[in-house]
Amino acid sequence: MGLLDVWFSRFLEKKLKKIAICSILIGLCVPLQSWAGNARGYKPFPEGTFLFCTYFKHFSANNMYAANKKISSDLNLSSNIGIFRPVYYKKIGKALYGEGDFIVNPQIFMMFGDRDMALGGEALSDSGFFDPMILATFWFVSAPEKKLWIGFSPYVTIPVGSYHTNRSLNLGENRWTIKPEIGIVKGFGEDLFLDFIMNIKFHADNDEFFSGQKRVKKSQSDLFGLETHLSYNLKKEFFVSLDYFFNSGGETEIDGIRKRDKQENHAIGASMFWSLKNNQQIMIEYLNNFDIESGAKTQTLGIRWSYFL
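Computed from a predicted structure; not experimentally measured.

(A) Structural context of the overall build of the protein. A count of helical and extended segments in the protein gives one helix and 19 strands. Within the protein, buried positions represent 46% of all 309 residues. A separation threshold of at least 6 residues defines the contact pool for the protein, and within that pool the share at least 24 residues apart is 63%. Surface accessibility of the protein: about 15,400 Å² in total, with carbon and sulfur atoms responsible for 60%.

Written out as structure tokens, the structure is:
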């Protein structure tokens, strides 16, 4: 083999590696599961309550999957996310069912942080702001006498976060998304509560997605989500929760080419909640994506501080 052939082979190997890396990064451009719900989130506070939450979450992953097969075990992904979340609870009438009030709670998720990834000798990173989310939950069923609450929450993601058209790894998505969600909380006795939450996420197109070589259009199919939380009061000021999450769908299409990266992913976790005095709460959570069809197999550690007025 001549020198020209050796040079061309190495050049082709490097190009193929970069193309493979860019294909993997397509899945990472979707935000991590940083704002998954928590136990008793669909149990409303009284009218006039102002709630302010701050979160810190750390994500890490070493393994990457595609089509239910491990395609990399040397992924070095790390992400740190901070979230500010102000919420206000307002009564707008009587509930359609139950003796409680029809409560609505307008709110916003403002998120910032960083993400670093190294794979195959390539290192990428980004920092700044994620796309913020605005939403409000409408509690049309509020039956405290039966320990039953049902709410509807339309999430809207606004594409104003950090986005660079010449990068494959970004915190922002450069597209609008809408996620209608319905949540049910049912109490059993004084201490046991079960949450059941369903949602579906609709994605607009990103017309300036960087494929590794040029800017193209990225589309994504609808993503169905389901989560459950089983929580129990160990003390008046302390309760624990077992958490389960499931996502299905969300296959991406880049420049008209289907990536065959449909999600069928399962995660399980645990959370602990402490009430401090009468107007503060600390939450610590752990989440493990234990069964991944497509995407990074992440682990999450998080903490939340909540203040009530």
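(B) The arrangement of the nonpolar core in detail. Within the largest apolar cluster, 23 residues are counted, with the highest numbers of intra-cluster contacts made by Leu51, Ile83, Tyr89, Phe109, Met111 and Trp139. Elements represented by at least two residues in this core include exactly strand 1 (50–66), strand 3 (76–88), strand 5 (101–119), strand 7 (133–143), strand 8 (148–157) and strand 10 (192–203). The biggest single contributor to this core is strand 1, with four residues. Of all hydrophobic cores here, the second largest spans eight residues; its members include Ala61, Leu75, Met117 and Leu119.

(C) Spotlight on the pattern of salt bridges. Scanning all chains against the criterion turns up 10 salt bridges. Across the pair Asp101 and Lys91 runs a salt bridge, and its minimum N-O distance is 3.6 Å. Of this pair, Asp101 sits in strand 5 while Lys91 is found in strand 4 (residues 90–94), placing the two residues 10 residues apart along the sequence. Among the residues examined, Lys91 registers a relative accessible area of 37% and is labelled partly exposed. In this structure, the salt-bridge partner of Asp101 is Lys94, at a minimum N-O distance of 3.6 Å.

(D) Structural context of the packing of aromatic side chains. Overall, the coordinates contain 10 aromatic pairs when judged by the stated rule. An angle of 35° between the planes, with centres 5.2 Å apart, marks the rings of Phe238 and Trp274 as tilted. Of this pair, Phe238 sits in strand 14 (residues 238–249) while Trp274 sits in strand 17 (residues 263–276), placing them 36 residues apart in sequence. Residue Trp274 is classed as partly exposed on the basis of its relative accessible area of 30%. Put simply, the rings of Tyr42, Phe45, Tyr89, Trp139 and Phe308 pair up and form one aromatic cluster. We note Arg40 situated over the ring of Phe239; from NZ or CZ to the ring centre the distance is 3.9 Å. Across from the ring centre of Tyr155, 4.3 Å away, lies the NZ or CZ of Lys179, which sits over that ring.

(E) View of the side chain of Asp195. Relative to the assigned elements, Asp195 resides in strand 10. In this structure Asp195 is buried but unpaired, with Arg40 as the nearest side chain of opposite charge at 5.8 Å. Looking at Asp195, its side chain comes within polar contact range of the main-chain nitrogen of Arg40, at 2.7 Å.

(F) Focus on the environment of Leu242. On the secondary structure map, Leu242 appears in strand 14. Residues Leu242 and Ser271 lie 29 residues apart in sequence; the distance between their C-alpha atoms is 6.6 Å. Every residue in contact with Leu242, bar those within four places of it in the chain, is listed here: Thr228, His229, Leu230, Gly269 and Ala270.

(G) Expanded view of the environment of Ile303. Residue placement: Ile303 occurs in strand 19 (residues 295–308). Relative accessible area serves as the criterion here: at 38%, Ile303 is assigned to the partly exposed category. Along the primary structure Ile303 and Met272 are separated by 31 residues, whereas in three dimensions their C-alpha atoms are 9.6 Å apart. Among residues more than four places away in sequence, those in contact with Ile303 are Thr54, Tyr55, Phe56, Ile282, Met283 and Ile284.

Procedures and definitions
Residues numbered from 1 in each chain as written. Predicted model: local features only at pLDDT ≥ 70, side-chain atom pairs only at ≥ 80, totals over all residues. Heavy atoms only, no water. Helix = DSSP H or I, 4+ residues; strand = E, 2+ residues; numbered from the N terminus. Buried < 20%, exposed > 50% of the residue type's maximum accessible area, 1.4 Å probe, protein only. Contact = heavy atoms within 4.5 Å. Areas by Shrake-Rupley, 256 points an atom, 1.4 Å probe, with all protein chains shown as cover. Core = buried A, V, L, I, M, F, W, Y, C linked by side-chain atoms within 4.5 Å. Salt bridge = Lys/Arg side-chain N within 4 Å of Asp/Glu carboxyl O. Phe/Tyr/Trp six-rings, centres within 6.5 Å; stacked < 30°, edge-to-face > 60°. Lys NZ or Arg CZ within 6 Å of the ring centre and 35° of its normal. Lys, Arg positive; Asp, Glu negative; His and termini not counted. Polar contact = N/O pair within 3.5 Å; in protein donor to acceptor, adjacent residues only side chain to side chain.

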